[in-house]
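# Structural characterization, general
One-letter residues, chain by chain:
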Amino acid sequence: MGKSGRDWTQIYAIYGMDEWQTLMFLLIHAFFFSFLSVLFLLYFNPICSIFDSFFPALPAGAPRFIAGFTGSVTAILAVCLLFAACNIFYSSVALHWDMAQRIVNAVNDWSTVKTALDVGCGRGILLNAVAQQLKKEGSSGRVVGLDRRKTTVSTLRTAGMEGVQEYVTCKEGDARHLPFGDNYFDVVVSAVFLHTVGKEFGHKTAAAAAERMKGLSEVVRVLKPGGAGVVWDLVHVPEYVQRLKELRMEDIRVSERVTAFMVSSHIVSFRKPNQQPLLSFSGEFRVDWRCHGLC
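In what follows, the accompanying structure is described. Just so you know, these numbers come straight off a predicted model, no measurement behind them. Each chain has its residues counted from 1, running along the sequence as written. Totals for whole chains, interfaces and linings use all residues, but because this is a predicted model, local features are given only for residues with pLDDT of at least 70 and pairs of side-chain atoms are given and counted only at 80 or more. With hydrogens and water stripped out, all remaining heavy atoms of the structure feed into the side-chain values.

### Some remarks on the overall build of the chain
Let me state the cut-off plainly: Every helix listed is a DSSP run of H or I at least four residues long, and every strand listed is a run of E at least two residues long, numbered separately from the N terminus. A radius of gyration in this sense is built from C-alpha atoms; the matching globule rule multiplies 2.2 Å by the number of residues raised to 0.38. Note that accessible areas follow from Shrake-Rupley with a 1.4 Å probe, and for residues the cover is restricted to the protein chains shown. For this count, His and the chain ends are skipped, Lys and Arg are scored as positive, and Asp and Glu as negative. Here the site of a charge means atom NZ of a Lys, CZ of an Arg, CG of an Asp or CD of a Glu.
Per the secondary structure count, the chain includes 8 helices and 10 strands. By the compact-globule yardstick of 19 Å for 295 residues, the chain is too spread out, its C-alpha radius of gyration being 25 Å. Each principal axis of the C-alpha distribution contributes one length, and for the chain these read about 90 × 45 × 30 Å. When the accessible surface of the chain is summed, it comes to about 15200 Å², and 61% of that surface belongs to carbon and sulfur atoms. The averaged location of the 26 negative side-chain charges in the chain is 1 Å from the averaged location of its 30 positive side-chain charges.

### Here we look at the pairing of strand E1 (residues 115–119)
Condition: Buried, partly exposed and exposed residues are distinguished by accessible area as a fraction of the type maximum, computed with a 1.4 Å probe on protein chains only: under 20%, between the cut-offs, and over 50%, respectively. What makes two strands pair is DSSP finding at least two bridges between them. For the handedness criterion, the strands are oriented away from the viewer, and a crossover whose path from the first strand over the helix to the second runs clockwise is classed as right-handed.
Summarising burial for E1: 4 of the 5 residues are buried, a large majority. The pairing of E1 with strand E2 (residues 142–147) spans 5 bridges and is parallel. When the sheet's bridge partners are listed, aspartate 118 is paired in E2 with glycine 145. Once the chain exits E1 it traverses helix H5 (residues 125–136) before rejoining the sheet at E2, and the crossover so formed is right-handed. Across 4 bridges, the pairing between E1 and strand E4 (residues 185–191) is parallel. Across the sheet, residue aspartate 118 finds its bridge partner in E4, namely valine 189.

### Details of the nonpolar core
Stated precisely, the cut-off is as follows: To define a nonpolar core, start from buried Ala, Val, Leu, Ile, Met, Phe, Trp, Tyr and Cys residues and group those joined through side-chain atoms within 4.5 Å. Whether two residues touch is decided by their heavy atoms; if any such pair falls within 4.5 Å, the residues are in contact.
Among the nonpolar cores identified, the biggest contains 50 residues, and Ile103, Trp110, Val130, Val143, Val168 and Trp232 are the most heavily contacted of them. Among the elements of the structure, helix H1 (8–15), helix H2 (20–42), helix H4 (62–105), H5, strand E3 (168–172), E4, strand E5 (223–234) and strand E7 (258–260) are those that each provide at least two residues to this core. Among all residues touching valine 168, those that are not within four sequence positions of it are Leu127, Asn128, Ala131, Arg142, Val143, Leu156 and Ala159. Counting 27 residues, the second-largest nonpolar core is a separate cluster that includes Phe180, Leu216, Val220 and Leu247.

### Re the pattern of salt bridges
What counts is decided by this rule: Salt bridges are identified by distance alone: a Lys or Arg side-chain nitrogen within 4 Å of an Asp or Glu carboxyl oxygen.
The tally for this structure, following the rule as stated, stands at 12 salt bridges. In this structure, arginine 221 engages aspartate 182 in a salt bridge whose closest nitrogen and oxygen atoms are separated by 2.7 Å. Note that arginine 221 is positioned in helix H7 (residues 206–222) and aspartate 182 in the loop between E3 and E4, a separation of 39 residues in sequence. For aspartate 186, the salt bridge is made with lysine 224, and the minimal N-O distance between the two is 3.3 Å.

### Notes on the packing of aromatic side chains
Formally: In summary, the pairing rule links any two rings of Phe, Tyr or Trp, Trp by its six-membered ring, whose centres are within 6.5 Å, and it sorts them by plane angle into stacked for under 30 degrees, edge-to-face for over 60 and tilted for everything else.
If you walk through the whole model with that rule in mind, you get 8 aromatic pairs. An angle of 40 degrees between the planes, with centres 6.4 Å apart, marks the rings of tyrosine 15 and tryptophan 97 as tilted. One end of the pair, tyrosine 15, is in helix H1; the other, tryptophan 97, is in helix H4, and 82 residues separate them in sequence. When its relative accessible area of 2% is taken as the criterion, tyrosine 15 is described as buried. Assessed through its relative accessible area of 5%, tryptophan 97 is described here as buried. Ring plane angle 85 degrees and centroid distance 4.9 Å describe the contact between phenylalanine 180 and phenylalanine 185, whose orientation is recorded as edge-to-face. Owing to a relative accessible area of 14%, phenylalanine 180 belongs among the buried residues under this scheme. Through pairs of rings, three or more aromatic residues link up here, namely Trp8, Tyr12 and Phe89.

### Focus: the state of the cysteines
Heads up, the condition is: Only a pair of cysteine sulfur atoms within 2.5 Å qualifies as a disulfide here.
Evaluation of the coordinates by the stated rule reveals 0 disulfides. Here cysteine 80 stays unpaired: no disulfide links it, and the sulfur of cysteine 86, its closest cysteine neighbor, is 12 Å away. Accessibility expressed as a relative area gives 47% for cysteine 80, which makes it partly exposed. Sulfur of cysteine 170: no disulfide; nearest cysteine sulfur belongs to cysteine 121 and is 5.1 Å away. You can call cysteine 170 buried: its relative accessible area is 18%.

### Brief notes about the side chain of glutamate 162
The condition that has to hold: What qualifies as a polar contact is a pair of N or O atoms within 3.5 Å, subject to a donor-acceptor requirement within protein and to the restriction that residues adjacent in sequence count only when both atoms come from side chains.
The residue glutamate 162 is located in helix H6 (residues 152–162) in this model. Polar side-chain contacts of glutamate 162 include one of 2.7 Å to the side chain of tyrosine 15. Every residue in contact with glutamate 162, bar those within four places of it in the chain, is listed here: Arg6, Ile14, Tyr15, Trp97, Asn128 and Gln132.

Dropping the structure here:
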């Protein structure tokens, strides 16, 4: 049970999980290697005899060593694969829910929030957490869930199950070209999504990094001056922090490391300054301050 006080079975019953193909792949291989390791354990002596008959030139004791070593490796592989499967399931369900609550709590004041955006909303765990916060505050605001996949029906279904459908709107789009005007949202959030932007170029390539930075820059562009941004993502958070500094964001904070999907993850939060220089979100900035009525 997570910090939210909600059992993982309840979360799974509503949201399911997006990574089930990976989970099944890992589980099938874990059971396969478990079966092999049990065979090596039950039929150790016959297996040693088979090694001896196929490789008669081996020194005495070598077949037993090879059979024992092979059996040990298959057992270790089975344990590692099973652990990976459990971590992915936990990360997709219980941890995702807990981190969604932390993302919501990272925003100091929801009472004034009228518009919020969840970039890469998926089935809506974070999206609905934001909607529940708006409902709790008695707000008339709404949260928009954006995803590049056609998940609108399933996402709105989960919003209905959570009782927050009147606070939720879904839209299909590309995080690198958000279909919203500048300075549109009071709050922009995202959970384990930005690292997938540009994956068609390979995760470790310069082209993929440039695409991720486009996505982050779009988050900043659509955020209102004084608005809050909160991103939970894997591996690439140091890149995001550097980019946010280049874009002159304020109150940049990075959470402690949390292992998710077998890698490190962090939450990074920031605030867009009220007095914002004219920025080129492709990577350059010009110091040309807007006065906002103060001049």
